[in-house]
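# Structural characterization, general
These are the residues of each chain, in order.
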Amino acid sequence: MKLPSGLHRDHNFGAMTSMIDVVLFLLMFFVVTSGSGQLALLLPAPLSRAGGIESPNAAVPEASSKIDIWLKMSFDPAVQKTHVDMNGTTYNSIPELKQQLRLLAELDPDNPIVFETAPDVPLGDLVTLYDTCQAAGFQTISFAATPPTP
Amino acid sequence: MRLPRTTRLPTTQVNLTPLIDVVFNLVIFFMVASHFSQGQPIEGVELPTASRGQPEDSPHRLTVTVHQDGTYFVGGRAVTSTEIQEMIQLSSAANRDQFWVRVQGDRQAPFRLIEPIMLACARQGIVNFGFDVLPDPEARR
(Lines give C-alpha, C1' and ligand atoms only; values in the text may rest on other atoms or scores of the structure.)
Protein backbone atom coordinates (compact mmCIF):
# COMPACT_ATOMS: atom_id res chain seq x y z
CA MET A 1 0.00 0.00 0.00
CA LYS A 2 1.33 3.30 -0.98
CA LEU A 3 1.20 5.80 1.72
CA PRO A 4 0.62 9.40 0.82
CA SER A 5 3.55 11.57 1.16
CA GLY A 6 3.37 13.67 4.24
CA LEU A 7 4.74 16.79 2.64
CA HIS A 8 3.04 18.65 -0.24
CA ARG A 9 5.32 20.93 -2.13
CA ASP A 10 3.96 23.56 -4.44
CA HIS A 11 6.12 23.86 -7.52
CA ASN A 12 3.87 26.34 -9.26
CA PHE A 13 6.15 29.31 -9.88
CA GLY A 14 3.57 31.52 -11.43
CA ALA A 15 1.24 31.69 -14.32
CA MET A 16 2.33 32.62 -17.80
CA THR A 17 0.14 35.70 -17.74
CA SER A 18 2.18 37.31 -15.04
CA MET A 19 5.39 36.56 -16.86
CA ILE A 20 4.05 38.18 -20.01
CA ASP A 21 3.10 41.18 -17.88
CA VAL A 22 6.64 41.49 -16.65
CA VAL A 23 8.09 41.15 -20.12
CA LEU A 24 5.77 43.86 -21.41
CA PHE A 25 6.69 46.14 -18.55
CA LEU A 26 10.35 45.57 -19.28
CA LEU A 27 9.71 46.43 -22.89
CA MET A 28 7.91 49.64 -21.93
CA PHE A 29 10.67 50.51 -19.50
CA PHE A 30 13.37 50.28 -22.13
CA VAL A 31 11.29 52.12 -24.69
CA VAL A 32 10.83 55.01 -22.26
CA THR A 33 14.43 55.09 -21.08
CA SER A 34 15.89 54.92 -24.55
CA GLY A 35 14.42 58.36 -25.14
CA SER A 36 11.88 59.10 -27.77
CA GLY A 37 13.55 62.29 -28.97
CA GLN A 38 16.88 63.97 -29.29
CA LEU A 39 18.35 65.84 -26.39
CA ALA A 40 18.22 69.58 -26.89
CA LEU A 41 21.59 71.30 -26.78
CA LEU A 42 22.44 74.89 -26.08
CA LEU A 43 23.94 77.20 -28.67
CA PRO A 44 25.54 79.93 -26.56
CA ALA A 45 25.03 83.43 -27.89
CA PRO A 46 26.78 85.59 -25.30
CA LEU A 47 25.44 89.12 -25.13
CA SER A 48 27.57 92.17 -24.61
CA ARG A 49 27.40 93.66 -21.17
CA ALA A 50 25.37 96.84 -20.97
CA GLY A 51 26.82 100.08 -19.67
CA GLY A 52 30.36 101.38 -19.83
CA ILE A 53 33.14 102.94 -17.81
CA GLU A 54 32.93 106.66 -17.41
CA SER A 55 36.15 108.63 -17.40
CA PRO A 56 36.92 112.36 -17.64
CA ASN A 57 39.50 111.53 -20.27
CA ALA A 58 38.21 110.49 -23.60
CA ALA A 59 39.48 107.13 -24.69
CA VAL A 60 41.84 107.17 -27.59
CA PRO A 61 40.42 104.96 -30.29
CA GLU A 62 42.80 102.23 -31.24
CA ALA A 63 43.95 102.08 -34.79
CA SER A 64 42.37 98.94 -36.04
CA SER A 65 42.36 97.16 -39.31
CA LYS A 66 39.22 95.28 -38.37
CA ILE A 67 36.27 95.45 -40.69
CA ASP A 68 32.79 95.12 -39.26
CA ILE A 69 30.84 92.48 -41.13
CA TRP A 70 27.18 93.48 -41.05
CA LEU A 71 24.68 90.74 -41.74
CA LYS A 72 21.37 92.44 -42.43
CA MET A 73 18.70 89.77 -42.48
CA SER A 74 15.32 90.44 -44.03
CA PHE A 75 12.38 88.20 -44.79
CA ASP A 76 10.37 88.22 -47.99
CA PRO A 77 6.87 86.97 -47.14
CA ALA A 78 5.95 86.60 -50.81
CA VAL A 79 8.46 83.82 -51.37
CA GLN A 80 8.83 82.90 -47.69
CA LYS A 81 12.57 83.29 -47.88
CA THR A 82 15.23 85.08 -45.89
CA HIS A 83 17.63 87.39 -47.69
CA VAL A 84 20.91 88.47 -46.20
CA ASP A 85 22.84 91.58 -47.08
CA MET A 86 26.49 91.32 -46.12
CA ASN A 87 28.22 94.69 -46.37
CA GLY A 88 26.27 95.63 -49.46
CA THR A 89 26.12 92.27 -51.19
CA THR A 90 22.78 90.50 -51.09
CA TYR A 91 22.66 86.74 -50.78
CA ASN A 92 19.45 84.91 -51.52
CA SER A 93 20.88 81.55 -50.67
CA ILE A 94 21.97 80.71 -47.15
CA PRO A 95 24.42 77.97 -48.28
CA GLU A 96 26.17 80.46 -50.55
CA LEU A 97 26.48 82.93 -47.70
CA LYS A 98 27.76 80.21 -45.38
CA GLN A 99 30.52 79.45 -47.86
CA GLN A 100 31.43 83.15 -48.08
CA LEU A 101 31.53 83.48 -44.29
CA ARG A 102 33.88 80.53 -44.03
CA LEU A 103 36.23 82.18 -46.52
CA LEU A 104 36.12 85.48 -44.61
CA ALA A 105 36.86 83.71 -41.34
CA GLU A 106 39.91 82.12 -42.88
CA LEU A 107 41.21 85.59 -43.79
CA ASP A 108 40.64 87.14 -40.37
CA PRO A 109 38.44 85.60 -37.70
CA ASP A 110 38.84 88.69 -35.51
CA ASN A 111 36.59 90.77 -37.72
CA PRO A 112 33.45 91.42 -35.69
CA ILE A 113 30.14 90.13 -36.98
CA VAL A 114 27.04 92.22 -36.34
CA PHE A 115 23.58 90.80 -36.91
CA GLU A 116 20.88 93.25 -37.87
CA THR A 117 17.79 91.12 -37.98
CA ALA A 118 14.39 92.21 -39.27
CA PRO A 119 11.42 91.39 -37.03
CA ASP A 120 9.96 88.85 -39.45
CA VAL A 121 13.08 86.72 -39.87
CA PRO A 122 12.49 83.16 -38.61
CA LEU A 123 14.56 82.12 -35.64
CA GLY A 124 15.77 79.04 -37.52
CA ASP A 125 17.54 81.14 -40.16
CA LEU A 126 19.12 83.38 -37.55
CA VAL A 127 20.39 80.39 -35.58
CA THR A 128 21.74 78.77 -38.75
CA LEU A 129 23.79 81.85 -39.63
CA TYR A 130 24.89 82.41 -36.04
CA ASP A 131 26.00 78.80 -35.86
CA THR A 132 27.88 79.15 -39.16
CA CYS A 133 29.74 82.21 -37.84
CA GLN A 134 30.71 80.37 -34.67
CA ALA A 135 31.77 77.28 -36.58
CA ALA A 136 33.80 79.39 -38.99
CA GLY A 137 35.78 80.73 -36.05
CA PHE A 138 34.63 84.36 -35.74
CA GLN A 139 35.51 85.60 -32.28
CA THR A 140 33.08 88.49 -31.87
CA ILE A 141 29.45 88.07 -32.84
CA SER A 142 26.88 90.55 -31.66
CA PHE A 143 23.34 91.69 -32.32
CA ALA A 144 22.34 95.20 -33.29
CA ALA A 145 19.38 96.54 -31.37
CA THR A 146 16.96 99.25 -32.26
CA PRO A 147 17.57 102.24 -29.97
CA PRO A 148 14.72 102.84 -27.55
CA THR A 149 12.31 105.57 -28.51
CA PRO A 150 12.38 108.51 -26.08
CA MET B 1 -3.81 -0.07 11.27
CA ARG B 2 -3.15 3.47 12.05
CA LEU B 3 -2.23 5.51 9.07
CA PRO B 4 0.18 8.33 9.55
CA ARG B 5 -1.54 11.63 9.68
CA THR B 6 -0.93 13.82 6.72
CA THR B 7 1.10 16.74 7.89
CA ARG B 8 0.61 19.77 5.69
CA LEU B 9 3.30 22.20 6.44
CA PRO B 10 2.15 25.75 6.16
CA THR B 11 3.52 27.18 2.91
CA THR B 12 4.71 30.73 3.08
CA GLN B 13 5.36 31.14 -0.62
CA VAL B 14 5.40 34.71 -1.85
CA ASN B 15 4.51 35.30 -5.45
CA LEU B 16 7.07 37.81 -6.62
CA THR B 17 5.48 38.53 -9.97
CA PRO B 18 2.88 41.08 -8.81
CA LEU B 19 5.56 42.71 -6.69
CA ILE B 20 7.78 43.12 -9.73
CA ASP B 21 4.79 44.43 -11.66
CA VAL B 22 4.20 47.09 -9.06
CA VAL B 23 7.87 48.03 -8.88
CA PHE B 24 8.11 48.46 -12.62
CA ASN B 25 4.92 50.47 -12.63
CA LEU B 26 6.41 52.76 -10.02
CA VAL B 27 9.69 53.08 -11.91
CA ILE B 28 7.90 53.96 -15.13
CA PHE B 29 5.67 56.42 -13.32
CA PHE B 30 8.59 58.27 -11.75
CA MET B 31 10.58 58.31 -14.96
CA VAL B 32 7.71 59.73 -16.96
CA ALA B 33 6.83 62.16 -14.17
CA SER B 34 10.40 63.42 -13.91
CA HIS B 35 10.54 63.77 -17.68
CA PHE B 36 7.51 66.01 -17.70
CA SER B 37 8.44 67.84 -14.52
CA GLN B 38 11.31 69.44 -16.38
CA GLY B 39 8.49 71.72 -17.19
CA GLN B 40 9.04 72.80 -20.73
CA PRO B 41 6.10 72.14 -23.01
CA ILE B 42 8.16 71.24 -26.03
CA GLU B 43 5.12 69.97 -27.91
CA GLY B 44 4.46 72.13 -30.92
CA VAL B 45 7.96 73.60 -30.91
CA GLU B 46 10.32 72.53 -33.65
CA LEU B 47 13.78 73.53 -32.52
CA PRO B 48 16.36 74.86 -34.99
CA THR B 49 19.43 72.79 -35.72
CA ALA B 50 23.03 73.80 -35.14
CA SER B 51 26.43 72.16 -35.24
CA ARG B 52 27.86 74.07 -32.27
CA GLY B 53 25.29 73.08 -29.67
CA GLN B 54 26.65 71.90 -26.38
CA PRO B 55 25.15 70.40 -23.24
CA GLU B 56 24.51 72.96 -20.54
CA ASP B 57 22.77 72.30 -17.28
CA SER B 58 23.26 75.32 -15.11
CA PRO B 59 21.05 75.26 -12.02
CA HIS B 60 20.53 79.00 -12.35
CA ARG B 61 18.64 79.37 -15.58
CA LEU B 62 15.43 80.57 -17.06
CA THR B 63 14.14 78.68 -20.08
CA VAL B 64 11.60 80.50 -22.18
CA THR B 65 9.65 78.48 -24.73
CA VAL B 66 8.56 80.55 -27.69
CA HIS B 67 5.89 79.18 -29.98
CA GLN B 68 5.41 80.22 -33.55
CA ASP B 69 2.06 81.82 -32.73
CA GLY B 70 3.71 84.19 -30.28
CA THR B 71 2.89 82.48 -27.00
CA TYR B 72 5.55 82.24 -24.32
CA PHE B 73 5.86 79.48 -21.73
CA VAL B 74 8.02 79.40 -18.63
CA GLY B 75 7.95 76.29 -16.47
CA GLY B 76 4.91 75.01 -18.32
CA ARG B 77 2.92 78.18 -17.69
CA ALA B 78 1.84 80.65 -20.34
CA VAL B 79 3.35 84.05 -19.63
CA THR B 80 3.51 87.44 -21.27
CA SER B 81 6.56 89.28 -22.50
CA THR B 82 6.32 91.67 -19.56
CA GLU B 83 6.25 88.80 -17.08
CA ILE B 84 9.37 87.33 -18.68
CA GLN B 85 11.17 90.63 -18.30
CA GLU B 86 10.17 90.72 -14.63
CA MET B 87 11.34 87.14 -14.16
CA ILE B 88 14.71 87.95 -15.71
CA GLN B 89 15.03 90.98 -13.47
CA LEU B 90 14.15 89.07 -10.31
CA SER B 91 16.00 85.85 -11.08
CA SER B 92 19.24 87.49 -12.11
CA ALA B 93 19.43 89.77 -9.08
CA ALA B 94 21.13 87.15 -6.89
CA ASN B 95 23.73 85.61 -9.14
CA ARG B 96 23.96 87.47 -12.41
CA ASP B 97 27.22 85.98 -13.63
CA GLN B 98 26.04 82.40 -13.26
CA PHE B 99 22.52 83.02 -14.51
CA TRP B 100 21.54 81.67 -17.94
CA VAL B 101 18.61 82.61 -20.13
CA ARG B 102 17.74 79.96 -22.70
CA VAL B 103 15.33 80.49 -25.55
CA GLN B 104 13.57 77.32 -26.61
CA GLY B 105 12.08 78.79 -29.73
CA ASP B 106 10.34 77.33 -32.72
CA ARG B 107 12.46 77.62 -35.86
CA GLN B 108 9.61 79.48 -37.57
CA ALA B 109 9.10 81.93 -34.70
CA PRO B 110 9.81 85.46 -35.94
CA PHE B 111 12.69 87.38 -34.42
CA ARG B 112 10.29 90.00 -33.04
CA LEU B 113 9.33 87.44 -30.38
CA ILE B 114 12.94 86.81 -29.37
CA GLU B 115 14.24 90.38 -29.40
CA PRO B 116 12.40 91.53 -26.23
CA ILE B 117 13.98 88.68 -24.27
CA MET B 118 17.45 89.57 -25.54
CA LEU B 119 16.92 93.23 -24.75
CA ALA B 120 15.71 92.38 -21.24
CA CYS B 121 18.87 90.35 -20.70
CA ALA B 122 21.06 93.17 -21.98
CA ARG B 123 19.32 95.66 -19.69
CA GLN B 124 19.98 93.42 -16.69
CA GLY B 125 23.59 92.86 -17.68
CA ILE B 126 23.08 89.16 -18.35
CA VAL B 127 25.71 87.82 -20.68
CA ASN B 128 24.81 84.14 -20.57
CA PHE B 129 22.24 83.75 -23.28
CA GLY B 130 21.61 80.93 -25.72
CA PHE B 131 19.27 79.14 -28.03
CA ASP B 132 18.08 75.58 -27.56
CA VAL B 133 18.98 73.62 -30.67
CA LEU B 134 19.03 70.08 -31.96
CA PRO B 135 22.23 68.57 -33.30
CA ASP B 136 22.66 69.30 -36.98
CA PRO B 137 22.42 65.99 -38.86
CA GLU B 138 24.54 67.39 -41.71
CA ALA B 139 27.36 68.24 -39.33
CA ARG B 140 27.68 64.59 -38.28
CA ARG B 141 28.47 63.42 -41.78
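Residues numbered from 1 in each chain as written. Chains lettered and ligands numbered in written order. Predicted model: local features only at pLDDT ≥ 70, side-chain atom pairs only at ≥ 80, totals over all residues. Heavy atoms only, no water.

### Side note on the overall build of chain B
Counting secondary structure elements, chain B contains four helices and six strands. In chain B, the succession of α and β elements from N to C terminus is α-β-β-β-β-α-β-α-β-α. Split into buried and exposed, the 141 residues of chain B put 40% on the buried side. Look at the contacts in chain B between residues 6 or more apart in sequence, and 75% of them connect residues 24 or more apart. (Helix = DSSP H or I, 4+ residues; strand = E, 2+ residues; numbered from the N terminus. Buried < 20%, exposed > 50% of the residue type's maximum accessible area, 1.4 Å probe, protein only. Contact = heavy atoms within 4.5 Å.)

### A short note on the overall build of chain A
Summing up its helical and strand segments, chain A has three helices and six strands in all. Put simply, chain A runs from its N terminus to its C terminus through helices and strands in the order α-β-β-β-β-α-β-α-β. Within chain A, contacts between residues separated by at least 24 positions form 63% of all contacts whose residues are at least 6 apart in sequence. Accessible surface computed for chain A: about 10000 Å², of which carbon and sulfur atoms make up 58%. (Areas by Shrake-Rupley, 256 points an atom, 1.4 Å probe, with all protein chains shown as cover.)

### Quick look at helix H3 (residues 123-136) of chain A
Residue and element names in this part refer to chain A. Taking 1.5 Å per residue as the helical rise, H3 with its 14 residues ought to reach 20 Å, and the 20 Å between its terminal C-alpha atoms agrees with that figure. Within H3, ten of the 14 residues are buried, which leaves it mostly tucked inside the rest of the structure. Residues Leu123, Gly124, Leu126, Val127, Leu129, Tyr130, Asp131, Thr132, Cys133 and Gln134 constitute the buried set of H3. Phi for Gly137, located one or two positions after H3, is positive at around 110°. (Expected span 1.5 Å × (residues − 1).)

### Observations concerning the side chain of His83 of chain A
Residues and elements named next belong to chain A. Here His83 is to be found in strand E3 (residues 81-86). Here Asn92 takes part through its side chain, which lies 2.6 Å from a polar atom of the side chain of His83. Those residues in contact with His83 that sit more than four places away from it in its chain are Lys72, Met73, Ser74, Asp76, Thr90, Tyr91 and Asn92. (Polar contact = N/O pair within 3.5 Å; in protein donor to acceptor, adjacent residues only side chain to side chain.)

### Topic: a nonpolar patch on the surface
Nonpolar side chains collect at one region of the surface, where Met16, Met19, Ile20, Val23, Leu24, Leu27 and Val31 of chain A lie side by side and expose about 690 Å² of accessible area between them. Examined against the element boundaries, Val23 of chain A turns out to sit in helix H1 (residues 16-33). (Patch = residues over 30% accessible without salt bridge, like charges linked within 9 Å, V, L, I, M, F, W, Y side chains within 5 Å. Salt bridge = Lys/Arg side-chain N within 4 Å of Asp/Glu carboxyl O.)

### Points about the nonpolar core
Within the largest apolar cluster, 52 residues are counted, with the highest numbers of intra-cluster contacts made by Leu71 and Phe115 of chain A together with Ile117, Phe129 and Phe131 of chain B. When residues in this core are grouped by element, the largest group, seven residues, is from helix H3 (residues 111-123) of chain B. If sequence neighbours within four positions are ignored, Leu71 of chain A has contacts with Val84, Asp85, Met86, Leu97, Leu101, Ile113, Val114, Phe115, Glu116 and Cys133 of chain A. (Core = buried A, V, L, I, M, F, W, Y, C linked by side-chain atoms within 4.5 Å.)

### Observations regarding helix H2 (residues 81-91) of chain B
When H2 of chain B is considered as a whole, its buried residues turn out to be Ile84, Met87 and Ile88 of chain B. Along the axis of H2 of chain B, the buried residues cluster in a sector spanning 100°; they form a single face. (Arc of directions from axis to C-beta.)

### Digging into the environment of Phe138 of chain A
Residue and element names in this part refer to chain A. Within the secondary structure, Phe138 sits in the loop between H3 and strand E6 (141-143). With a relative accessible area of 5%, Phe138 lands in the buried category. It is 9.2 Å that separates the C-alpha atoms of Phe138 and Glu106, two residues lying 32 residues apart in sequence. In this structure, Phe138 is in contact with Ile69, Leu101, Leu104, Ala105, Asp108, Pro109, Asn111, Ile113 and Cys133, ignoring residues within four places of it in sequence.

### Regarding the pattern of salt bridges
Residues and elements named next belong to chain B. With the rule as written, the count across this model stands at four salt bridges over all chains. In this structure, Glu83 engages Arg77 in a salt bridge whose closest nitrogen and oxygen atoms are separated by 3.9 Å. One salt bridge connects Asp132 with Arg102, and the closest N-O pair in it is separated by 2.8 Å. On the criterion of sequence distance, the pair formed by Asp132 in strand E6 (residues 129-135) and Arg102 in strand E5 (residues 100-105) is long-range, its members being 30 residues apart. With respect to burial, Asp132 and Arg102 carry one shared label: buried.

### Points about the confidence of the model for chain B
All names here are of chain B. For chain B, per-residue confidence averages 81 on the pLDDT scale, and 83% of positions sit at 70 or higher. Per-residue pLDDT, averaged within each element of chain B, yields its smallest value for helix H4 (residues 137-140) (66) and its largest for strand E3 (residues 72-74) (92). In the predicted complex, the global pTM is 0.70; the interface-specific ipTM is 0.70. (pLDDT = per-residue confidence, 0-100.)

### Things to note about the confidence of the model for chain A
Scored by pLDDT, chain A has a mean of 78; 71% of the residues are at 70 or more. Across residues 51-55 of chain A, where pLDDT falls below 50, the model places zero contacts with residues more than four positions away in sequence or in other chains.

### Looking at the environment of Leu41 of chain A
Note on placement: Leu41 of chain A falls in strand E1 (residues 41-44). Not counting chain neighbours up to four residues away, the residues in contact with Leu41 of chain A comprise Gly53, Gln54, Pro55, Arg102, Phe131, Asp132, Val133 and Pro135 of chain B.

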